[in-house]
2 protein chains.
Amino acid sequence: MTPPKLLDEAALKERELLIINSAVLLIQTNGIENLTMDKVVAQVPFSKGTVYKHFIGKEDLLLAISNYSIKVLGDLFYRAYQFKGCARSRMLLLNFSYLIYAMLYPALFQCVMCSKSPNVVGKSSEKHINEGELLEVKLMTSIHGIVEDGLNDGSLSLPLNMDIQQICFSNWSMAYGAITLLSGEVEQCSGRTSLIVERELFNHSNLLHDGMGWQPLSKDRNHCAELKTALAELFPEELMQIKAKGRELNFESFS
Amino acid sequence: MTPPKLLDEAALKERELLIINSAVLLIQTNGIENLTMDKVVAQVPFSKGTVYKHFIGKEDLLLAISNYSIKVLGDLFYRAYQFKGCARSRMLLLNFSYLIYAMLYPALFQCVMCSKSPNVVGKSSEKHINEGELLEVKLMTSIHGIVEDGLNDGSLSLPLNMDIQQICFSNWSMAYGAITLLSGEVEQCSGRTSLIVERELFNHSNLLHDGMGWQPLSKDRNHCAELKTALAELFPEELMQIKAKGRELNFESFS
DNA sequence: ATAATATGTGACGATTCGTCACTGACGAAT
DNA sequence: ATTCGTCAGTGACGAATCGTCACATATTAT
C-alpha cells in the first residue's frame, strides 16, 4: 500500500468533507435508514480504519452531516438577515428560509432531524456534539441580528421578563417545531393531514410575532404579499430548483 | 418446546406490552443508544422469532414504545383538559403536562423524540407509523377541547384565516419545539445554556396565546401564580416524584 | 385416525461493527 | 548510507447484531 504523507489540519478537514459528501449521496440513493459504515467505506478511497479515525460510528457521522448542513442553513439565515425590509418581515423570511432549505436538501434536513434524536446523540462523539451546539449558537446570530434591528428601530420591545436570547429561542423553536412536526409535508403534500407546512409556518410566525407586539401587526399589514415578493427576490434560484422538483410554495391557501 | 394455544387479539396485545415494558427497562438501565433486539429477546420469556412477529426491528420497537407512551401523555393532557379554570390557563397547564411527562418518564420521552427521526421512521412498520399518526390526532382532542371551550366562552376568537385545527397545531408544535430543543435541560440544568425549559415554555405559551388574543392576556393576569397553584393541585403525585428525582420545577426565574 | 393449519423456536448465515497487528514513508541519529 | 523510532493507513478478523426459516408440536377440520 502507499503510505500517506504527514497530515495537516486542512487535509484532514478535506477528507472528512469527502466522507460526508459520499454519505449524503448514499442517503439520497438508498434512504437514510440504510446508511451503514461499511457502505460509506465502500464509496470512499480510504480504508475503514481511516473512516473510523474521523467518526466513531454511523450516528457520529449523521451528526457530523447535520453540523455540516447547519452551516448551509446558516448561510440562508444570513441572507435573510441581510435582506431589505422591516425587521419583522425579515424574521418571517428567515423562518421561511428554513423551509426552503428543507425542501431543497431533504437528505440534509433528515440528518438535522436525526441529530436531535437521543439514539443518535447517545452514540456520537463529544467533538461533534460540541460542534453542533456551537453551530446552533451561530445559527442564532442572524436571528439575533434581526431582533436587535427590531429593538433598535422601535418596531419591537422586549416583552416583560424576557431577554433577547429568549426571543431568539422562541422564534427558532417555533420554526423548528412546526417544520419538524410537518416534515412529512415538506417534500410534497402527503394527503395525511389538512395542514400545509408553509401556511402553518406563516400563521404560527404571525401569532408569535403579534404576541410579541412586533410591528407591523398582522391586522395592519399583509405579510403574505410581502413575503412572496421577498422570497422571489432573495431566493429565485432556490425557488426554481424546488419547482423543478415538482414542489412549489403554496400561497393560495392563505392569502 | 411447548407450542402455544391459538392466539387471540388480547393475548397478542398483552405480549406486545410485555416486550415494550422490558425494552423500556433496558433503555433505563443501559441507555437508549444501547438497545438491541438481541438484548430485548434475552429479557423476555419468548423467542427471537416471536419478538420479530411483533416488531420488524429495533426502530419499529422504538416507535411502538413511543406510541405506547403517547397514550400515557394523552392521559396527562386529558387531566389538564378536564381541570377547572379558564381555557387559556388550562392550555398552559396542558403544555406543562408535556414537560412534567418528559421529566417523569425520560426513557419514554426519549422514545417520543426518536419517533420523529427519519432513521427510525424509515425502518418502522406501516402498522406502527399509522398507529402513531392516529395517536397524535387523539392527543389533539384535549387541546381541541380546550380551544373549543375558549371559543365558546368568548375568551378566544379564531384569528383571521385560521381554523380550529391550525390553532391546535400551533400550540402543540410550540410545546413540542421548545421542549425538544431544550430536551437537554429537562432532567436537570445542563449548564450549557442560560435557557430554562420551564421558563421558555411559559414565555413562549404566553407569546403565542397573546398573539391569538386569548384572554386574559399576559398584561391582564399573572399566569405564573395560577399555573403553580393548578400544577400543585392537579399533579401533586407527579411533582413529588419529580422532586424525589432531584429535579424541581423552577419558577423563581420568571415570577 | 389422519391431514391441514397455526404458532413458537433458536440455530444459522448474513451483515455490520469496531479493532489492531502489520506495513511503509519519513525524519533523526549515528 | 544505515538504522531506529514515529506517524498514519490498512483491511482481515472476531464480535455483535440482525433477520430468517426448517422444524416441532398443539389444535382444528375432515
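To be clear, the structure that these remarks concern was listed above.
Residues numbered from 1 in each chain as written. Chains lettered and ligands numbered in written order. Predicted model: local features only at pLDDT ≥ 70, side-chain atom pairs only at ≥ 80, totals over all residues. Heavy atoms only, no water.

Trainee: I keep staring at the overall build of chain A and nothing clicks. Help me out?
Mentor: The helix and strand inventory of chain A stands at 12 helices and 0 strands. Helices (α) and strands (β) of chain A occur, in sequence order from the N terminus, as α-α-α-α-α-α-α-α-α-α-α-α. A globule of 255 residues ought to have a C-alpha radius of gyration of about 18 Å, and chain A, at 20 Å, matches this closely. Its C-alpha atoms put chain A at 70 × 40 × 30 Å along the principal axes. Put simply, chain A has 255 residues, and 55% of those count as buried. Within chain A, contacts between residues at least 6 apart in sequence are counted, and of these 74% link residues at least 24 apart. (Helix = DSSP H or I, 4+ residues; strand = E, 2+ residues; numbered from the N terminus. Rg over C-alpha atoms; globule rule 2.2 N^0.38 Å. Buried < 20%, exposed > 50% of the residue type's maximum accessible area, 1.4 Å probe, protein only. Contact = heavy atoms within 4.5 Å.)

Trainee: So what exactly am I meant to see when it comes to the relation of the copies chain B and chain A here?
Mentor: What connects the two chain copies is a rotation about an axis and a shift along it. The two copies are related by a screw motion: chain B maps onto chain A through a turn of 180 degrees and a shift of 0.0 Å along the axis, at an RMSD of 0.0 Å. Taken together, the rotation and translation relating the two chain copies correspond to the operation of a two-fold axis. A shared binding surface is used by both copies, with 100% of the interface residues of chain B retained as interface residues in chain A. (Least-squares fit on C-alpha atoms with pLDDT ≥ 70 in both.)

Trainee: I'm lost on the packing of helix 9 (residues 164-181) of chain A against helix 10 (residues 197-211) of chain B in this one. Help?
Mentor: A pair of packed helices can be characterised by two numbers: the angle between their axes and the separation between those axes. Between helix 9 of chain A and helix 10 of chain B, whose axes approach to 10 Å, the crossing angle comes to 75 degrees. The angle between helix 9 of chain A and helix 10 of chain B falls in the class roughly perpendicular. Every residue of helix 10 of chain B that contacts helix 9 of chain A at A:Gln166, A:Phe169, A:Ser170, A:Ser173 and A:Met174 is listed here: B:Arg199, B:Glu200, B:Asn203, B:His204 and B:Leu207. In terms of residue class, the contact of helix 9 of chain A with helix 10 of chain B is made up of 3 nonpolar, 5 polar and 2 charged. (Axes fitted to C-alpha atoms, helices over the stretch in contact; angles between N-to-C directions. Parallel < 35°, antiparallel > 145°, perpendicular 65-115°, else oblique. Nonpolar A, V, L, I, M, F, W, Y, C, P; charged D, E, K, R; others polar.)

Trainee: I'm lost on the interface of chain B and chain A in this one. Help?
Mentor: By a frequent convention, interface size equals the accessible area lost on bringing the separate parts together. The interface is formed by 48 residues belonging to chain B together with 48 residues belonging to chain A. Both sides together, the interface formed by chain B and chain A hides about 3900 Å², and carbon and sulfur atoms give 64% of it. Summed over the three residues of chain B that lose the most area to chain A, namely B:Phe169, B:Leu181 and B:Leu207, the buried surface amounts to 18% of that side. At the surface where chain B touches chain A, the tally comes to 2 salt bridges. Note that A:Arg192 and B:Glu133 form a salt bridge whose closest N and O atoms lie 2.8 Å from each other. Linking chain B with chain A are 14 residue pairs in polar contact (both at pLDDT 80 or more), by the criterion used here. Residue assignment for the side of chain B that touches chain A shows that the elements contributing at least two residues are helix 6 (106-114), helix 7 (118-121), helix 8 (126-153), helix 9 (164-181) and helix 10 of chain B. Counting residues per element, the side of chain B that touches chain A draws most heavily on helix 9 of chain B, at 12 residues. Per-class residue counts for the side of chain B that touches chain A are 21 nonpolar, 17 polar and 10 charged. (Buried area = accessible area lost by both parts, 1.4 Å probe. Salt bridge = Lys/Arg side-chain N within 4 Å of Asp/Glu carboxyl O. Polar contact = N/O pair within 3.5 Å; in protein donor to acceptor, adjacent residues only side chain to side chain.)

Trainee: When you look at unusual backbone geometry in this model, what are you seeing that I'm missing?
Mentor: Most peptide bonds are trans, and most residues other than glycine sit at a negative phi. All names here are of chain A. For the bond from Gln215 to Pro216, the omega torsion is -5 degrees, close enough to zero to count as cis. We note that Asn161 has phi near 65 degrees; this positive angle belongs to a residue other than glycine. Within the element layout of this structure, Asn161 appears in the loop between helix 8 (126-152) and helix 9.

Trainee: Got a minute to help me understand the packing of helix 5 (residues 87-104) of chain A against helix 11 (residues 223-234) of chain A in this structure?
Mentor: Residue and element names in this part refer to chain A. Between helix 5 and helix 11, whose axes approach to 10 Å, the crossing angle comes to 60 degrees. Taken together, the axis directions place helix 5 and helix 11 in an arrangement best described as oblique. Our pair here, helix 5 against helix 11, has a crossing hand that is right-handed. Contacts from Arg88, Ser89, Leu92, Leu93, Phe96 and Ile100 of helix 5 reach helix 11 at His223, Glu226, Leu227, Ala230, Leu231 and Leu234. Within the contact of helix 5 with helix 11, the residues separate by chemical class into 8 nonpolar, 2 polar and 2 charged. (Left-handed = near helix turned anticlockwise from the far one by under 90°.)

Trainee: Help me out: how do you make sense of the environment of B:Met113 in this one?
Mentor: Tracing the sequence through the fold places B:Met113 in helix 6. In this structure the C-alpha to C-alpha distance between B:Met113 and B:Leu62, which are 51 residues apart in sequence, comes to 9.9 Å. Residues contacting B:Met113, with those up to four places away along its chain left out, are A:Lys116, A:Ser117, A:Pro118, B:Thr180 and B:Ser183.

Trainee: What exactly am I supposed to notice about helix 9 of chain B here?
Mentor: Residues three or four positions apart in an α-helix share a direction because the helix packs 3.6 residues into each turn. The first and last C-alpha atoms of helix 9 of chain B sit 26 Å apart over 18 residues, in line with the 26 Å expected at 1.5 Å per residue. With 17 of its 18 residues buried, helix 9 of chain B lies for the most part within the structure. (Expected span 1.5 Å × (residues − 1).)

Trainee: Explain the environment of B:Tyr176 here, please?
Mentor: With respect to the helices and strands, the residue B:Tyr176 is situated in helix 9. Distance from B:Tyr176 to B:Gln215, taken between C-alpha atoms, is 23 Å for residues 39 residues apart in sequence. If we skip the residues at most four places from it in the chain, B:Tyr176 touches A:Gly177, A:Thr180, A:Leu181, B:Tyr98 and B:Lys116.

Trainee: When you look at the packing of aromatic side chains in this model, what are you seeing that I'm missing?
Mentor: Where two aromatic rings form a pair, the distance of their centres and the angle of their planes describe that pair. One pass over the full model with this rule turns up 16 aromatic pairs over all chains. Consider the rings of A:Tyr98 and A:Tyr101, whose centres lie 6.2 Å apart with planes at 25 degrees: the pair is stacked. A residue pair is termed a helical-turn pair when its members lie 3 or 4 positions apart in one helix, as A:Tyr98 and A:Tyr101 do in helix 5 at 3 residues. Neither A:Tyr98 nor A:Tyr101 differs from the other in exposure class; each is buried. Ring geometry for B:Tyr98 against B:Trp172: centres 5.2 Å apart, planes inclined by 50 degrees, an arrangement best described as tilted. Of the two residues, B:Tyr98 sits in helix 5 (residues 87-104) while B:Trp172 sits in helix 9, which places them 74 residues apart along the sequence. The buried category is assigned to B:Tyr98, whose relative accessible area is 0%. Aromatic rings pair up to connect A:Phe77, A:Tyr98, A:Tyr101, A:Tyr105, A:Phe109, A:Trp172 and A:Tyr176 into one cluster. It is A:Arg15 that lies over the ring of A:Phe46; its NZ or CZ is 5.5 Å from the centre. (Phe/Tyr/Trp six-rings, centres within 6.5 Å; stacked < 30°, edge-to-face > 60°. Lys NZ or Arg CZ within 6 Å of the ring centre and 35° of its normal.)

Remember, this is a structural readout, not a statement about activity or role.
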